[in-house]
Amino acid sequence: MRLAIVKLSAMGDIVHTMVALQYIKQHHPSIKIDWIIEEGFKQVLEHNPYIDNILTLNLKAIKQNRLALFREIKKVRHYAQNHYDLVIDAQGLIKSTITARLLGKKVAGFSKDSIREKVASYLYTQTVDIPYDANTIDRNAKVLSEPLGFEITPKMILNKDPFLYYRTEDPIIYDYLSKSQKNIILVIGSTWESRNYPKEKFAHIATQLAQNTLIAWGSETEQEKALWIEAHSPHARALPKINLNSLKAIISQADLLIGNDTGPTHMAWGLNVPSITIFGPTPTNRVYQTPINKVIKSNSEVNHFKLNKNDFSITEIPSDKIIQMAKELLYD
């Protein structure tokens, strides 16, 4: 059987979907799995033994150049020559649904009551019911397993094997790791400013924990924040610019990751590395809480169906609460 998974973005959503791969292979050992993804996130999937082919698109380019649409359609039609027995749209957006329909005749995805862009569900030949406000990881696991005739249970997810892989990472990352102290990674950025914990509080956390604290960043704005934290804490160092492959590698070596609700933070869960995810305007059921993967949430209420980008309540979370939680994960 040949399966195509359409999950184009974003990084955290991709990580949360990948957990299903190991169970798909367990139940269907001979299945061939291709994954269609935005090219900017390709490295998240790379080196995964459960994926046979990573097929990239650049749908974001269409916003700047409408003619790019024809180039991307041509790519999808070329991928369709793989003759997929089943295509699963794990994204649930119109753009991913159209991509899935161009890939094959038999297409599964979320039902109209389980999806944000409801019109997309009418293009599927098989639909999966699960509430839109259910746990994100459970949603992804169900849409990928039910069309294949089996179930991925929460217990299975809690007992997962780490599923992010890296190879030929930049050796410079190992110069930043300590052999005498705990290695802590801070993930300080995200897609919305209201999802970002204050740099001042990150600096306080690094100072109070007094371990080897490394700051990951991905943009110029984040780099500026990282350098500010480095300048205001004797225990913090900004990492150099690294790619996603090297980011997976250094997170895998960490004793703890503390970060905003964003892709690199969720990598820690995918690698079975202890983590604290800081939530403000987004729901905590985007993640699985485990004995080593904790969350801390502001006091604001979150509407799953209409997130409030102007909710800056994350700034009110006391850093001392995070410090205490971090000490428990590092030393208990």
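In the block above lies the structure referred to throughout.
Keep in mind it's a predicted model, so treat the numbers as computed, not measured. Once a new chain begins, its residue numbering starts again from 1 and follows that chain's sequence as written. Reporting in this predicted model follows two pLDDT cut-offs: at least 70 for local features of residues, and 80 or more for side-chain atom pairs to be given and counted; totals over whole chains, interfaces and linings ignore these cut-offs and use all residues. Hydrogens and water are ignored here; the side-chain numbers use all heavy atoms of the structure.

(A) Quick peek at the packing of helix α4 (residues 68–79) against helix α5 (residues 94–103). Simply put, an axis is a line fit to the C-alpha atoms, just over the touching stretch for a helix, and the angle between two N-to-C directions goes from 0 to 180 degrees. Think of it this way: any DSSP run of H or I at least four residues long counts as a helix, any run of E at least two long counts as a strand, and we number them from the N terminus. Between α4 and α5, the shortest axis-to-axis distance is 8 Å and the interhelical angle comes to 40 degrees. Here α4 is positioned oblique relative to α5, judged by the angle of their axes. Between α4 and α5 lies a crossing whose hand is right-handed. Listed contacts from α5 to Ile73, Val76, Arg77 and Tyr79 of α4 are Thr99, Leu102 and Leu103. Only Asp, Glu, Lys and Arg are considered charged in this grouping, and only Ala, Val, Leu, Ile, Met, Phe, Trp, Tyr, Cys and Pro are considered nonpolar; every other residue, Gly among them, is considered polar. Split into classes, the residues belonging to the contact of α4 with α5 amount to five nonpolar, one polar and one charged. In what follows, roughly perpendicular refers to angles from 65 to 115 degrees, roughly parallel to angles under 35, roughly antiparallel to angles over 145, and oblique to any angle outside these ranges. Should the near helix be turned counterclockwise from the far one by less than a right angle, the crossing is left-handed, whereas a clockwise turn marks it as right-handed. Here, residues are in contact when the closest pair of their heavy atoms is within 4.5 Å.

(B) Seen up close, the sheet that holds strand β3 (residues 53–57). Strand pairing follows a simple DSSP-based rule, namely that at least 2 bridges must link the two strands. Pairing is parallel across the open sheet formed by six strands, whose spatial order is β3-β2-β1-β4-β5-β6. Of all strands in the sheet, those bounded by a partner on one side alone are β3 and β6 (126–128). This sheet shows a mean twist of 20 degrees between the axes of neighbouring strands, independent of strand direction. Pairing analysis gives five bridges linking strand β2 (residues 32–38) to β3, with the strands arranged parallel. Across the sheet, Asp34 pairs through a bridge with Asn53, a residue of β3.

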